[in-house]
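What follows is the residue order along each chain.
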Amino acid sequence: MKLLRSVPQPMPAGPDFASGAPLPRARPRRLRRTPALRALVCEHAVAVSDLIEPLFVVPGRGVRQEVPSMPGVFVQSVDRLVEDVREGHDLGLRAVLLFGVPQHKDEQASELADPRGVVQRAIGALKRELPDLLVIADLCACEYTSHGHCGLLDERGVIDNDRTLALLARGALSYAACGVDMVAPSDMMDGRVAYLRHALDEAGHLETGILSYAVKYASALYGPFRDAAQSTPAFGDRRTHQMDPPNAREAIKEAQLDAAEGADMIMVKPALGYLDIVWRVREAVNLPVAAYSVSGEYAMLKAAARNGWIDEDRAVDELLVGCKRAGADAIVTYFARSFARRHNGKPHTGGRTR
Ligand SMILES: [Zn+2]
């Protein structure tokens, strides 16, 4: 076989290059020329007020421990949590999402609905100290059950959907009694939004909202969270209730069901690998949509940044503006605090502060 000659040819100099060829008629680069132009034509921005900060609360006093797989994220007792949230509030953060790690776990998830439980005490303390803070409480059994599953088990060891609804309702009512603004059921049981709405209304909690984790995938990216919440299932996994990652139509179905059942907002979780789902849900449901950028996404970015492989701040800004571009109204992110520190009061476009 004859080899082709590949001797590099010198580039023709200046305007003679490709003479006779038409010059580009459209030059999108013109609008990228200066920071002012880029800011003028910028399509999406992230504001600190778009962010929801997830927080872990544990029993005790004076407790503040860093989660090993989530540098910069802490599990804290109520007293330390209030101090910490006040700092975030001063930086412009207006919404928190609480997760509780109880003193005691059992098969019935007894502490979930305990009026003196950690989450209940945290809600009360935060609403007392920072009345205008939006307090959202995650609602699921997995942090409270000794087996780590998201619901009550039947004699076969299978989650009993309908008995779990009653447990979740007791939890929601105990949160509402402490003044929570929204409950966020993350259990993925069928029919829970209608059940919770009914229970809250019956008890007179007409203003307590429901932020439904309508679309929650059985993701590998929840690992660091389970370290923090000590909620790894003792056996089996969560694939019988969380969604299968290849499925998209099913996400629309879940979101529409929850909207019809009375959800006030819809959550999609995780975010990074599921921005197409955020987009589809945004198009299909006429409710605000929140994207949850999960613990594994946080851990990946942190690990890469610590190795000097990426620029953390730029990567975070890019990830968050990507969620907005996909249609998220709100973003739950463990980077809320660092983002607020950097952009307090200024919307951020993902490239350069406006
Ligand atoms: Zn759960």
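Provided above is the structure to which this section pertains.
Residues numbered from 1 in each chain as written. Predicted model: local features only at pLDDT ≥ 70, side-chain atom pairs only at ≥ 80, totals over all residues. Heavy atoms only, no water.

Comments concerning the packing of aromatic side chains
Given two aromatic rings, their pairing is described by the distance between the two centres and the angle made by the two planes. Going through the model one piece at a time under the given rule, you end up with nine aromatic pairs. Here Phe56 and Phe225 contribute two aromatic rings whose centre-to-centre distance is 5.3 Å and whose plane-to-plane angle is 55 degrees, an arrangement assigned as tilted. Residue Phe56 is found in strand E1 (residues 51-57), and its partner Phe225 is found in helix H6 (residues 223-229); the two are separated by 169 residues along the sequence. In this pair, the class of Phe56 matches that of Phe225, namely buried. Geometrically, the ring pair formed by Tyr298 and Phe335 is tilted, given 4.5 Å between the ring centres and 45 degrees between the ring planes. In this pair, Tyr298 is assigned in helix H9 (residues 295-306) and Phe335 in the loop between strand E10 (330-333) and helix H11 (336-343), connecting sequence segments 37 residues apart. Comparing Tyr298 with Phe335, the two get one shared label, buried. Among the aromatic residues, those joined into a ring-pair cluster are Phe56, Phe99, Tyr213, Phe225, Tyr292, Tyr298, Tyr334 and Phe335. The positively charged end of Lys269 is found above the aromatic ring belonging to Tyr222, 4.9 Å away from the centroid. Geometry around Phe225 places Lys269 over its ring, the cationic atom sitting 5.5 Å from the centre. (Phe/Tyr/Trp six-rings, centres within 6.5 Å; stacked < 30°, edge-to-face > 60°. Helix = DSSP H or I, 4+ residues; strand = E, 2+ residues; numbered from the N terminus. Buried < 20%, exposed > 50% of the residue type's maximum accessible area, 1.4 Å probe, protein only. Lys NZ or Arg CZ within 6 Å of the ring centre and 35° of its normal.)

As for helix H5 (residues 192-202)
Residues of H5 that are buried include every one of Arg192, Val193, Leu196, Arg197, Ala199 and Leu200, and no others. All buried residues of H5 fall inside an arc of 165 degrees around its axis, so they share one side. Summarising the geometry of H5, the exposed residues directed more than 90 degrees from the buried face are His198 and Glu202. Buried residues belonging to H5 abut strand E5 (134-139), helix H4 (161-177), strand E6 (182-185), strand E7 (209-216) and helix H7 (249-261). Of the residues one or two after H5, Gly204 is the one with positive phi, at around 85 degrees. (Arc of directions from axis to C-beta. Contact = heavy atoms within 4.5 Å.)

What to know about the coordination of the zinc ion
Every protein donor of the zinc ion is listed here as Cys140 (SG), Cys142 (SG) and Cys150 (SG), and their distances to the metal cover 2.2 to 2.4 Å. Judged by its relative accessible area of 5%, Cys142 is buried. (Donors = N, O, S within 2.8 Å, 3.2 Å for Na, K, Ca; no water.)

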